[in-house]
Amino acid sequence: MATKNKLNKISGIIALGMFAVIVSGYFTGNESLFGFPNATLLYALMPLALIWFGTRKNGCGSCNQTCAISEAEHEEENKK
């Protein structure tokens, strides 16, 4: 799980940095800070945001629960 947490932190920090560049470019009126349009950074920002979301703690990225809890609830529903 340590690798997953490191990946989460790295992708989250990079995503926040890219978002800050896009927002700062918008407010300063500078449309290209690195030689290409700032809006192009959105193509890298979205996958990074998805990686961050999918690697949150407790295993399951969409519901933020451990898989054991989700499987136990699923088994109880099937018994009914």
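Residues numbered from 1 in each chain as written. Predicted model: local features only at pLDDT ≥ 70, side-chain atom pairs only at ≥ 80, totals over all residues. Heavy atoms only, no water.

**Remarks on the confidence of the model for the protein**
Stated formally: Every residue carries a pLDDT, the predictor's confidence in it, which falls somewhere between 0 and 100. Helix numbers and strand numbers start at the N terminus; a helix is a DSSP run of H or I with at least 4 residues, a strand a run of E with at least 2.
For the protein, per-residue confidence averages 76 on the pLDDT scale, and residues scoring 70 or more make up 71% of the total. Least confident of the elements in the protein is helix α3 (residues 67-79), whose mean pLDDT is 64; most confident is helix α1 (residues 2-28), at 84.

**A closer look at the packing of aromatic side chains**
The test is simple: Stacked, tilted and edge-to-face are the three classes applied to pairs of Phe, Tyr and Trp rings, where Trp contributes its six-membered ring and a pair requires centres within 6.5 Å; stacked means planes under 30 degrees apart, edge-to-face means over 60, and tilted covers the rest.
The full count for this structure, using the stated rule, is 1 aromatic pair. Ring centres 5.4 Å apart and planes at 70° place the aromatic pair Y26 and F27 in the edge-to-face group.

**Comments concerning α1**
Stated precisely, the cut-off is as follows: To estimate how far a helix should extend, the number of its residues minus one is multiplied by 1.5 Å. Exposure categories follow from relative accessible area, calculated using a 1.4 Å probe and restricted to protein chains: below 20% of the type maximum is buried, above 50% is exposed, and the middle band is partly exposed. Two residues form a contact once any of their heavy atoms are found within 4.5 Å.
Taking 1.5 Å per residue, 27 residues should reach 39 Å; α1 reaches 39 Å between its end C-alpha atoms and fits that length. Within α1, burial applies to N8, S11, G12, A15, M18, V21, I22 and G25. Packed against the buried residues of α1 are α2 (42-54).

**Points about the nonpolar core**
Our working rule: We call a set of buried Ala, Val, Leu, Ile, Met, Phe, Trp, Tyr and Cys residues a nonpolar core when their side-chain atoms join them within 4.5 Å.
Among the nonpolar cores identified, the biggest contains 7 residues, and these are A15, M18, V21, I22, L41, L45 and L48. Elements with a contribution of two residues or more to this core: α1 and α2. Among the elements that take part in this core, α1 stands out by supplying 4 residues, more than any other. Residues contacting I22, with those up to four places away along its chain left out, are N38, L41, L42 and L45.

**Re a nonpolar patch on the surface**
Applicable threshold: Patch membership requires more than 30% relative accessible area and the absence of a salt bridge. Residues of like charge join within 9 Å; the nonpolar side chains Val, Leu, Ile, Met, Phe, Trp and Tyr join within 5 Å. The Shrake-Rupley method, run with a 1.4 Å probe, gives the accessible areas here. Residue values count only the displayed protein chains as cover. Salt bridges are defined by distance alone: a side-chain nitrogen of Lys or Arg within 4 Å of a carboxyl oxygen of Asp or Glu.
A surface patch of nonpolar side chains, about 290 Å² in accessible area, is lined by L33, F34 and F36. Take L33: it is sitting in the loop between α1 and α2. By relative accessible area, L33 is classed as partly exposed at 36%.

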